[in-house]
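A closer look at the structure
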Amino acid sequence: MHFRESDEHRALRAAVGAITDGFGPGYFAEHSRDRRPTTELWQALGRHGYIGVNLPEEYGGGGGGLVELAIVCEEVAAHGCPLLLLLVSGAIAGEVLTRFGTAEQKSTWLPRLATGRGKIVFAITEPDAGSNTHRLATTATRDGDGWLLRGTKQFISGVDEADAILVVARTGTDPGSGRSRLSLFLVDAADPRLTATPLAIEGSAPERQFTLFFDDVPVCADRLIGTEGDGLRQVFHGLNPERVTGAALGVGIARYALARAADYARTREVWGRPIGTHQAIAHPLAEAAIEVELAALMTARAAWLHDAGEAMAKAAGEAANMAKYAAAEAAIHAVDAAIQTHGGNGMSRDYGLVPLWGMARTLRIAPVSREMILNHVAQHTLELPRSY
């Protein structure tokens with residue numbers, strides 16, 4: 001085992017950082033305030049092959065894995081512009097389609113994802129199901145050769161930017177356990193029988209959140225992903241990458257905030273000396289820096305375990321949860337310390353820290369809450385009795 005990053009990975013970080021820097025320090029804050037998609041950055045990264053860095057080369061991707069996608073997620077955030085939809089379009093949809101999609105589905109969708117010309121978002125969360133996927137009420141009922149989708153999804157990111165939505169729906173019940181049998185479907189985001197209602201979210205971010213209403217939306221048979229009734233297993237092949245890339249996003253946010261805070265603490269003088277000489281300023285930043293390094297190590301390990309394949313699936317799941325927990329905590333602590341270091345300037349639009357606080361705070365809740373991660377670790381790592 002060694003911890004020296006490869007030349008290829010260092011070059012990837014530098015290239016992604018340079019592209020992001022080209023849009024300026026105020027780009028993310030301005031788009032967050034206006035609730036305007038960061039389309040220009042997304043397309044620039046896509047043109048250079050970084051949006052689809054984890055997708056197969058035969059479909060226009062970079063041929064890398066989750067390790068490389070996590071680097072992209074971390075670096076755009078570390079340069080001031082965390083891209084939330086990389087977690088769903090690149091990580092979930094990209095990984096699920098690559099693993100379970102038919103040849104036709106792959107040839108249709110993966111090139112669009114790889115180049116950044118298309119996006120697929122993910123719909124699993126429901127108003128009355130929370131984290132309990134076995135209580136999903138959205139159904140897909142047979143209708144000739146196809147299906148009819150009926151139900152409601154909530155807190156679905158980026159529907160207004162997407163070409164399609166990867167929807168988790170109930171297609172039956174397991175006779176032995178009584179649990180729902182779930183399946184995955186690709187639904188056109190522009191289908192007129194699908195109603196997308198924006199949610200009134202307080203925290204500012206470029207990506208908007210929606211409630212989706214499926215009123216017998218017809219779905220052709222060729223839009224079923226993988227095997228009918230095997231959706232839960234298929235979903236988790238995408239959820240672990242979502243957690244890893246979410247962790248990478250948190251690490252990047254924390255790196256950006258700490259860099260801004262350290263620079264301010266070195267140059268801002270009060271009573272004739274830089275404020276960074278005072279331990280009350282320096283120690284919170286040092287503590288946050290330690291947390292970030294620890295979270296980055298776990299994130300890298302989780303991505304590597306995922307790329308190692310089925311043999312490491314259990315370890316990858318545990319590591320993905322731990323990485324997401326650690327990175328979310330590190331991000332919120334780092335951004336809070338950065339705001340405090342700046343004093344009143346920390347709340348100023350000119351310094352662009354407050355939008356990052358909203359994103360960091362969201363990572364404590366989504367894509368899986370810190371409480372559910374603690375439940376997972378207690379049950380699967382410590383082998384304690386299940387608590388939920």
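Our structure is the block above this text.
Residues numbered from 1 in each chain as written. Predicted model: local features only at pLDDT ≥ 70, side-chain atom pairs only at ≥ 80, totals over all residues. Heavy atoms only, no water.

Helix and strand content of the chain: 11 helices and 10 strands. Relative to the 2.2 N^0.38 estimate, which gives 21 Å for 388 residues, the radius of gyration of the chain is 21 Å and therefore close to what a compact globule would have. With the C-alpha coordinates of the chain rotated into their principal frame, the extents come out at 80 × 45 × 40 Å. In the chain, buried positions account for 51% of the 388 residues. Taking the intrachain contacts of the chain between residues at least 6 apart in sequence as the baseline, contacts between residues at least 24 apart amount to 71%. Averaging the positions of the 37 positive and the 45 negative side-chain charges in the chain gives two centres separated by 3 Å. (Helix = DSSP H or I, 4+ residues; strand = E, 2+ residues; numbered from the N terminus. Rg over C-alpha atoms; globule rule 2.2 N^0.38 Å. Buried < 20%, exposed > 50% of the residue type's maximum accessible area, 1.4 Å probe, protein only. Contact = heavy atoms within 4.5 Å. Lys, Arg positive; Asp, Glu negative; His and termini not counted. Charge placed at Lys NZ, Arg CZ, Asp CG, Glu CD.)

Further remarks concern the environment of Val235. Position of Val235 relative to the elements: it lies in helix α7 (residues 231-267). Given the relative accessible area of 3%, Val235 is considered buried. C-alpha separation for the pair Val235 and Asp216, spaced 19 residues apart in sequence, amounts to 23 Å. Beyond its immediate sequence surroundings of up to four residues, Val235 is in contact with Phe122, Ile124, Val168 and Leu184.

Attention now moves to the packing of aromatic side chains. Applying the stated rule across the entire model yields three aromatic pairs. With centroids separated by 5.2 Å and ring planes inclined at 65°, the aromatic side chains of Trp147 and Phe185 adopt a geometry described as edge-to-face. Highlighted residues: Trp147 in strand β3 (residues 146-157) and Phe185 in strand β5 (residues 180-188), separated in sequence by 38 residues. Phe185 sits in the buried class, given a relative accessible area of 0%. Ring centres of Tyr264 and Tyr351 lie 5.9 Å apart, and the angle between their planes is 85°; this geometry places the pair in the edge-to-face category. With Tyr264 in helix α7 and Tyr351 in the loop between α9 (313-342) and α10 (354-363), this residue pair connects regions lying 87 residues apart in the sequence. Cation over ring: Lys119 sits above Trp42, and NZ or CZ is 4.4 Å from the ring centre. Above the plane of the ring of Tyr388 lies Arg386, whose end atom (NZ or CZ) is 4.3 Å from the centre. (Phe/Tyr/Trp six-rings, centres within 6.5 Å; stacked < 30°, edge-to-face > 60°. Lys NZ or Arg CZ within 6 Å of the ring centre and 35° of its normal.)

Turning next to the layout of surface pockets. A volume near 910 Å³ is recorded for the second largest pocket. Elements supplying a minimum of two residues to the lining of the second largest pocket: α1 (7-21), α4 (66-78), α7 and α8 (279-307). A per-element tally of the lining of the second largest pocket places α8 first, with 11 residues. Here the residues of the lining of the second largest pocket are counted per class, giving 15 nonpolar, four polar and seven charged. (1 Å grid on protein atoms, 1.4 Å probe; cavity = no way out; pocket = protein on both sides within 12 Å on 5 of 7 lines; lining within 4 Å. Points joined across faces, edges and corners; volume = space filled by probe spheres on them. Nonpolar A, V, L, I, M, F, W, Y, C, P; charged D, E, K, R; others polar.)

Take the side chain of Arg364 next. Residue position: Arg364 is located in the loop between α10 and α11 (370-381). Looking at Arg364, its side chain comes within polar contact range of the side chain of Glu329, at 2.9 Å. Apart from residues lying up to four places away in sequence, Arg364 is in contact with Lys324, Ala328, Glu329, Ile332, His333, Ser369 and Arg370. (Polar contact = N/O pair within 3.5 Å; in protein donor to acceptor, adjacent residues only side chain to side chain.)

It is worth spelling out the packing of α8 against α9 at this point. With their axes 8 Å apart at the nearest point, α8 and α9 run at an angle of 155° to one another. With respect to their mutual orientation, α8 and α9 come out roughly antiparallel. Read as a crossing pair, α8 and α9 show a hand that is left-handed. (Axes fitted to C-alpha atoms, helices over the stretch in contact; angles between N-to-C directions. Parallel < 35°, antiparallel > 145°, perpendicular 65-115°, else oblique. Left-handed = near helix turned anticlockwise from the far one by under 90°.)

On to the state of the cysteines, then. Here the structure, examined in full by the defined rule, presents zero disulfides. Not part of a disulfide, Cys81 finds its nearest cysteine sulfur in Cys73, a span of 12 Å. (Disulfide = S-S within 2.5 Å.)

Mapped onto the fold, Gly80 is located in the loop between α4 and α5 (85-100). Excluding residues within four positions of it along the chain, Gly80 makes contact with Phe28 and Tyr256.

Among all residues save glycine, negative phi is the norm, and among peptide bonds the norm is trans. Following Ala366, the chain continues to Pro367 via a peptide bond in cis, the omega torsion being 5°. Within the secondary structure, Pro367 sits in the loop between α10 and α11. For Arg35, which is not a glycine, the phi torsion comes out positive at approximately 50°. Owing to a relative accessible area of 23%, Arg35 belongs among the partly exposed residues under this scheme.

Turning next to a nonpolar patch on the surface. Taken together, the side chains of Phe3, Ile290, Leu294 and Leu297 make up a nonpolar region of the molecular surface, amounting to roughly 470 Å² of accessible area. Mapped onto the elements of the fold, Leu294 is located in helix α8. (Patch = residues over 30% accessible without salt bridge, like charges linked within 9 Å, V, L, I, M, F, W, Y side chains within 5 Å. Areas by Shrake-Rupley, 256 points an atom, 1.4 Å probe, with all protein chains shown as cover. Salt bridge = Lys/Arg side-chain N within 4 Å of Asp/Glu carboxyl O.)

Take α11 next. With 12 residues, α11 ought to run about 16 Å at 1.5 Å a step, and its terminal C-alpha atoms sit 15 Å apart, in line with that. When α11 is considered as a whole, its buried residues turn out to be Ile373, His376 and Val377. Taken around the axis of α11, the buried residues stretch over an arc of 95°, which confines them to a single face. Buried-residue contacts for α11 involve α9. (Expected span 1.5 Å × (residues − 1). Arc of directions from axis to C-beta.)

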